[in-house]
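# Notes for the structure review
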Amino acid sequence: MSERNIMLECINCGKKYPSDTVIYRCSSCGGLLDIILDYDSIKESISWAKFKQRPLSVWRYYELLPVNPKLKVSLLEGGTPLYHAKRLGELIGLNNLYVKFEGANPTGSFKDRGMTVGVTKVVELGIKSVGCASTGNTSASLAAYAAKAGLACFVLLPAGKVAMGKLSQAMLHGAHVIALKGNFDQALSIVEQICNEEKIYLLNSLNPWRLEGQKTTAYEIVDQLGKVPDRVVLPVGNCGNISAIWKGFKELETIYLTDTLPKMTGIQAKGASPIVNMIKRNLKLIQFTDNPETIATAIRIGRPVNWPKAVKAIRESNGTAESVSDSEIITMQKMLAKLEGIGVEPASAASLAGVQKLLEEGVIERDETIVSITTGHMLKDPQEAIEIAEPVNEFESDIIKIKYFIESKLAEVVKAVR
Ligand SMILES: *Cc1c(COP(=O)(O)O)cnc(C)c1O
Ligand SMILES: [Zn+2]
């Protein structure tokens, strides 16, 4: 693909690498890597009209993806719904609140956007094994795409801290699952070292090819909304997604498909909020959290590898970061489910809990057009959903008692309507 002038570049020292180099950090300075595309030539060949002739999906925008679309490993990812959350918006005081439901991806999270491109890159490179550390969704997604491509898959998970839905996916899709007595941050550090020493390709969000797939969320939002929103709000864990989506918006501007940029707004859980701390105190260097803890296991991360990219995205875009408590997350998860019919896992609800908090603080204005990204499906963590929802009502096979119960509930509805 060298005719497309695709390069890897260190965001820190600027060192460049050919696109077929198997590398996850800069060999000179250890900095994060980014993919450089030739936007001048891309610009010539694309338009919204051209995109719109193809199905809404990650691959609708293949000219902006740095891999060969003829080799693509796809489960039909992307093309997720953008809902206008009218009832929730009305309740919290926002007229233009939208929810991008990434739970509608093939394995139930946005990770599929990254894996379709990341695993296609693996096929291009001719590597036969892939690996990742994961709080759950990365492993579920990688296992599925590895299955589709016929690759061996190794996943390292923090033992006892992965939601059941996610674990069951990784297992059923045939990954070799290694449960580590430690947290995600430790798992990532181990798997990074193993991938550097063995012939296993690392597909955590440290991998810049994966982020290229995730940037399509930005393209889809503009495609669906018909404009760039004022603000994009999303949960932040290892910081890959916020970095990728910001790149997507900036690219659209670079190639003249849009002329504004949204404020990137990252939400973390109180017990795992190094980015929020850094933004609020305007620090130059991150202070990691050693023992991250939250019900939102997908963002239970204390040492986010992509922090330099994420902090840059937030600062460049005039965005912000906020933290929310587990109880605020749970309350929002229920509101979203009951007012909008959108079932999300706890980390995803953090995003909207953050919107509500920032509105109350006066940071978000009432008439802003806001897109909140809900990153994963509620079926990922059914145990948690059952624990927080109204309990099941159990009865003997006795129609009188059941009718009595139903009538008492109907009376509540009548009262509420009046
Ligand atoms: C991976 C994940 C996140 C965090 O995304 P990062 O790119 O690590 O910041 C948030 N929510 C869900 C559901 C996830 O699976
Ligand atoms: Zn470097």
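The written sequence of each chain sets the order in which its residues are numbered from 1. Lettering for chains starts from A, numbering for ligands starts from 1, and both go in the order in which the items are written. Only residues with pLDDT of at least 70 are given local features in this predicted model, and only at 80 or more are side-chain atom pairs given and counted; all residues enter the totals for whole chains, interfaces and linings. To get the side-chain values, take all heavy atoms of the structure and skip hydrogens and water.

### Details of the packing of aromatic side chains
Any pair of Phe, Tyr and Trp rings, taking the six-membered ring for Trp, is counted once the centres come within 6.5 Å. Such a pair is stacked with planes under 30 degrees apart, edge-to-face with planes over 60 apart, and tilted for the rest. This structure, assessed with the given rule, holds 6 aromatic pairs. Arranged with centres 5.0 Å apart and planes meeting at 75 degrees, the rings of Phe51 and Tyr61 form a pair that is edge-to-face. Of this pair, Phe51 sits in helix H2 (residues 48-52) while Tyr61 sits in the loop between H2 and strand S4 (82-84), and the two are 10 residues apart along the sequence. For the pair formed by Phe51 and Tyr61, the shared burial category is buried. Seen in terms of ring centroids, Phe395 and Phe405 are 5.3 Å apart; in terms of plane orientation they differ by 55 degrees. Their pairing is tilted. Pair noted here: Phe395 is in the loop between helix H15 (382-388) and helix H16 (399-417) and Phe405 is in helix H16, with a separation of 10 residues, a long-range link. One aromatic cluster is present, formed by Trp48, Phe51, Tyr61 and Tyr219 through successive ring pairs. Above the face of the Trp209 ring, Lys121 is positioned so that its terminal group lies 3.9 Å from the ring centre. Helix numbers and strand numbers start at the N terminus; a helix is a DSSP run of H or I with at least 4 residues, a strand a run of E with at least 2. The classification of residues rests on relative accessible area computed with a 1.4 Å probe and restricted to protein chains. Under 20% of the type maximum is buried, over 50% is exposed, and intermediate values are partly exposed. Lysine and arginine charges are scored as sitting over a ring when NZ or CZ, respectively, is within 6 Å of the ring centre and within 35 degrees of the ring normal.

### Thoughts on the coordination of the zinc ion (ligand 2)
Here a donor is an N, O or S atom found within 2.8 Å of the metal, or within 3.2 Å if the metal is Na, K or Ca; sites may look incomplete because water is not among the atoms. In the first shell of the zinc ion (ligand 2), the protein supplies Cys10 (SG), Cys13 (SG), Cys26 (SG) and Cys29 (SG), at 2.3 Å from the metal. Metal-centred angles of 97 to 119 degrees between the 4 donor atoms at the zinc ion (ligand 2) mark the site as tetrahedral. Mapped onto the sequence, the donors of the zinc ion (ligand 2) take the spacing C-x2-C-x12-C-x2-C. Of this pair, Cys13 sits in the loop between strand S1 (7-10) and strand S2 (16-18) while Cys26 sits in the loop between S2 and strand S3 (33-36), placing them 13 residues apart in sequence. On the basis of relative accessible area, Cys13 is assigned to the partly exposed category, the value being 44%. Note on geometry labels: four donors, all angles 85 to 135 degrees, give tetrahedral; four donors become square planar and six octahedral when opposite donors are over 155 degrees apart and every other angle is between 65 and 115; remaining cases are irregular.

### What about the pairing of strand S13 (residues 369-374)?
Burial analysis of S13 places 6 of its 6 residues in the buried class, the great majority of the element. The side-chain alternation of S13 yields two buried faces, one formed by Thr369, Val371 and Ile373 and the other by Ile370, Ser372 and Thr374. Relative to S13, strand S5 (residues 96-101) runs parallel, the two being bridged by 6 bridges. Bridge pairing in S13 links Val99 to Ser372. Relative to S13, strand S10 (residues 231-235) runs parallel, the two sharing 3 bridges. In the strand pairing of S13, Val233 is matched with Ser372. Any two strands with at least two DSSP-identified bridges between them are counted as paired.

### Some words on the domain arrangement of the protein
Segment limits for the domains were obtained from an automatic or database-derived domain assignment. Domain assignment breaks the protein into domain 1 (1-36) and domain 2 (82-108 + 210-387). By the convention used here, residues are in contact when the closest approach between their heavy atoms is within 4.5 Å. Taken together, the 6 residues of domain 1 in the interface contact 6 residues of domain 2. Buried area: the sum, over both parts, of the accessible surface (1.4 Å probe) that disappears when the two are put together. Buried area between domain 1 and domain 2, summed over both chains or domains, comes out near 480 Å², and the portion from carbon and sulfur atoms is 61%. Between Asp34 and Lys247 there is a salt bridge; the shortest N-O distance is 2.8 Å. Any residue that is not Ala, Val, Leu, Ile, Met, Phe, Trp, Tyr, Cys, Pro, Asp, Glu, Lys or Arg is counted as polar, Gly included; the first ten are nonpolar and the last four charged. Taken together, the residues of the side of domain 1 that touches domain 2 sort by class into 4 nonpolar, no polar and 2 charged. Basic side-chain nitrogens of Lys or Arg form a salt bridge, by our definition, when they fall within 4 Å of a carboxyl oxygen of Asp or Glu.

### Side note on the side chain of Ser134
Relative to the helices and strands, Ser134 is located in the loop between strand S6 (129-133) and helix H5 (137-149). We call two N or O atoms a polar contact when they sit within 3.5 Å, provided that within protein one can donate a hydrogen and the other can accept it, with sequence-adjacent residues counted only if both atoms are side-chain atoms. Within the structure, the side chain of Ser134 is placed 3.3 Å from the backbone nitrogen of Thr138, a separation counted as a polar contact. Here Ser134 is in contact with Ser139, Leu156, Leu157, Pro158, Val162 and Phe184, once residues within four sequence places are set aside.

### Section: unusual backbone geometry
One non-glycine residue, Asn5, adopts positive backbone phi at about 55 degrees. Here the phi dihedral of Tyr256 falls at roughly 65 degrees; this positive angle occurs in a residue that is not glycine. Position of Tyr256 relative to the elements: it lies in the loop between helix H10 (240-254) and strand S11 (263-269).

### Observations regarding the pairing of strand S7 (residues 152-158)
Consecutive side chains along a regular strand alternate between the two faces of the sheet. With respect to burial, S7 is a largely interior element, 5 of its 7 residues being buried. As paired strands, S6 and S7 are joined by 5 bridges and run parallel to one another. In the strand pairing of S7, Cys132 is matched with Val155. Relative to strand S8 (residues 176-180), S7 runs parallel, the two being bridged by 5 bridges. Counted as the bridge partner of Pro158 is Leu180 from S8. Look down the strands so they point away from you; if going from the first strand over the helix to the second traces a clockwise path, that crossover is right-handed. The parallel pair S7 and S8, bridged by helix H6 (residues 164-172), forms a crossover whose chirality is right-handed.

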